[in-house]
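Structural overview
Residues per chain are reported as follows:
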Amino acid sequence: MSKYSRAQIILHWAIFILIATQFVLHDTVVDTFDAMLSGKPVLTNHPLVSAHLGVGGVIGILTALRLWIRMETGIPEKSGNYPPFFDYLANFVHYSFYALLILLPITGGFAWYQRSEDAANAHSLLRAILLILVLVHICGALLQVFVWRNNVLKRMWRSNN
Ligand code: HEM
Ligand code: HEM
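Conventions adopted
Residues numbered from 1 in each chain as written. Chains lettered and ligands numbered in written order. Predicted model: local features only at pLDDT ≥ 70, side-chain atom pairs only at ≥ 80, totals over all residues. Near = placed C-beta within 6 Å. Helix = DSSP H or I, 4+ residues; strand = E, 2+ residues; numbered from the N terminus. Nonpolar A, V, L, I, M, F, W, Y, C, P; charged D, E, K, R; others polar. Core = buried A, V, L, I, M, F, W, Y, C linked by C-beta atoms within 7 Å. Buried ≥ 20, exposed ≤ 12 C-beta atoms within 10 Å, placed from the backbone. Contact = placed C-beta atoms within 7 Å.

What follows deals with the site of ligand 2. With respect to spatial proximity, 16 residues lie near ligand 2, and among them Ile-19, His-94, Phe-97, Ala-141 and Met-156 are the closest. Contributing elements (two or more residues each) for the shell around ligand 2: α1 (6-24), α4 (84-114), α5 (117-146) and α6 (152-155). At 4 residues, α5 tops the list of elements feeding residues into the shell around ligand 2. Tallied by class, the residues present in the shell around ligand 2 amount to 11 nonpolar, 3 polar and 2 charged.

Below is the structure:
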């Protein structure tokens, strides 16, 4: 296998779009949650709040599905024309993504349903780590394309099956 499967590619880009939505549309859930904690009257079923909770849950489920597919079918062999250290870093980032995208909905759910400020702090910390790792991930992809000149982007774009 030299490329990811169609299912892996669709899930990768679908989750990417859903995460971007979570980051762009987070203001209402933050304001509503803060108001809820300070006992002010709030509209807890505001569409943007429901969207954040719903999309977040879907990200968690799709990530678990993706991890299962990875365990069942594996991933393409590495192209190999880069320093071995880079492989460790890439694996670390990829596994961290799976962990973060499962922990984010769990901490978010605890924060919202248990009114837990600690869980909300954990949720904020995790999303900050996610943001940093996404930047590292994108830099890694660009390095491979422009410095090591391999076909890494094609592996995550069109599949053979
Ligand atoms: C992977 C899925 C998720 C992502 C990427 C995500 C992302 C975010 C982001 C970027 C914020 C703003 C944090 C800040 O500005 O400090 C936020 C806040 C929040 N999210 Fe999520 N979220 C996810 C899932 C969920 C789920 C499933 C729930 C609830 C069921 C949830 C509940 C909340 C709450 C209550 C806040 C406000 C917390 C606060 O004000 O500190 N999130 N989320
Ligand atoms: C929220 C943003 C993103 C997340 C959470 C994410 C997550 C992941 C994960 C977990 C993998 C490893 C898949 C596996 O082996 O199981 C992966 C691979 C990959 N991602 Fe992303 N990704 C994101 C954004 C992007 C972007 C913007 C690009 C394009 C620059 C990109 C390009 C790639 C490529 C080319 C691979 C294959 C790497 C390889 O074959 O070694 N990703 N991504």
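Here the focus is the site of ligand 1. Residues in close proximity to ligand 1 total 24 residues, the closest being Gly-56, Leu-104, Gly-108, Ala-120 and Ser-124. Where the shell around ligand 1 is concerned, the elements lending two or more residues are α1, α2 (27-37), α3 (47-73), α4 and α5. Here the shell around ligand 1 is composed, by residue class, of 13 nonpolar, 9 polar and 2 charged.

Listed in full, the 6 residues of the largest apolar core are Val-29, Phe-33, Val-49, Ala-111, Trp-112 and Ala-120. At the level of elements, α2 and α4 are the ones that each hand at least two residues to this core. Those residues in contact with Trp-112 that lie beyond four places of it in its chain are Phe-33 and Leu-53. Ile-19, Phe-97, Leu-101 and Leu-104 belong to the second-largest nonpolar core, a separate cluster that totals 5 residues.

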